[in-house]
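Chain and residue survey
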Amino acid sequence: METTKLLGTKIRQFRKLRRITQEQLAEASDSTGSYIGKLERGEVNVQIKTLEKIAEALDTNVFAFFDYNPYEELKSQPWIWECVHILSQQNEAGQNKAYRILKELFTSSEDELLVSKSGDSDANDKLNS
C-alpha cells in the first residue's frame, strides 16, 4: 500500500477514535471537509504544516501517523496468524522447508488453474514434463 493511503488510513483511525467528523477535523485544522476526505482516501499529498495541524486537532503528534505495523493486520486473519505462529516456533531449516512446500503447492495450483482455463496444450506439456 502506498504511503499516502497508509497515512490517510491512520488519520481516519485517529479521527474515528476521537469520534469527530471530517468536517469537525477540517474546522479544527483550518482545512475543508472535502480535503480531509481526499486525504483519508490517499488521493492527495499533505503538507507538513497541515499534517501538524491535523495531529494537533486529533490530540496526537505527526509521528503517530507513521507508526504502521503490518503484522497487526495479520492478527485479524486467524489462519494466517496461526501459520506465522507455527513458523516462528521452527528453526531456520524448518521454516525453509515450509516455504518450499507452500511455494510448490500454490505455484503448482496456479499453473494448473491457468492451464485448465486456457486449454493450451503447450502449457500442459510444460507442466507435465
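Presented here is an overview of the structure given in this document. (Residues numbered from 1 in each chain as written. Predicted model: local features only at pLDDT ≥ 70, side-chain atom pairs only at ≥ 80, totals over all residues. Heavy atoms only, no water.)

**Section: the environment of Thr-107**
Put simply, the rule reads: Secondary structure elements are defined from DSSP: runs of H or I of at least 4 residues count as helices, runs of E of at least 2 residues count as strands, and each element is numbered from the N terminus. The cut-offs for exposure are 20% and 50% of the maximum accessible area for each residue type, with area from a 1.4 Å probe on protein chains only; residues under the lower value are buried, those over the upper are exposed, and the others partly exposed. For the purposes of these results, a polar contact is taken to be a pair of N or O atoms within 3.5 Å, where, inside protein, one atom must be able to donate a hydrogen and its partner to accept one; residues adjacent in sequence count only when each atom of the pair is a side-chain atom.
On the secondary structure map, Thr-107 appears in helix α7 (residues 92–118). What makes Thr-107 partly exposed here is its relative accessible area of 37%. A polar atom in the side chain of Thr-107 sits 2.6 Å from the backbone oxygen of Lys-103.

**With respect to the environment of Gln-89**
On the secondary structure map, Gln-89 appears in the loop between α6 (78–88) and α7. Within polar-contact distance, the side chain of Gln-89 engages the side chain of His-85 at 3.0 Å.

**Section: unusual backbone geometry**
If a residue is not glycine, its phi is most likely negative; likewise, a peptide bond is most likely trans. Residue Arg-19 is not a glycine yet carries a positive backbone phi of 55°. You can see Arg-19 is positioned in the loop between α1 (3–17) and α2 (22–28). Of note, the phi angle at Asp-30 is positive, near 55°, even though the residue is not glycine. Position of Asp-30 relative to the elements: it lies in the loop between α2 and α3 (33–40). Accessibility expressed as a relative area gives 63% for Asp-30, which makes it exposed.

**Quick word on a nonpolar patch on the surface**
Under the convention used in this document: Two joining distances apply to patches: 9 Å for like charges and 5 Å for nonpolar side chains (Val, Leu, Ile, Met, Phe, Trp, Tyr), and every residue must have over 30% relative accessible area and no salt bridge. The accessible surface values rely on the Shrake-Rupley method and a 1.4 Å probe; as for residues, cover is taken only from the protein chains in view. For this analysis, a salt bridge means a side-chain nitrogen from Lys or Arg found within 4 Å of a carboxyl oxygen belonging to Asp or Glu.
A cluster of nonpolar side chains, namely Ile-80, Trp-81 and Val-84, defines an oily patch on the protein surface of about 220 Å² accessible area. Looking at the secondary structure, you find Trp-81 in helix α6. Taking the relative accessible area as the measure of exposure, Trp-81 reaches 33% and is therefore partly exposed.

**Focus on the pattern of salt bridges**
Overall, the coordinates contain five salt bridges when judged by the stated rule. With a closest N to O distance of 3.3 Å, Glu-40 and Arg-12 form a salt bridge. With Glu-40 in helix α3 and Arg-12 in helix α1, this pair connects stretches of sequence that are 28 residues apart. Given the relative accessible area of 2%, Glu-40 is considered buried.

Any functional reading would require information beyond the geometric quantities listed.
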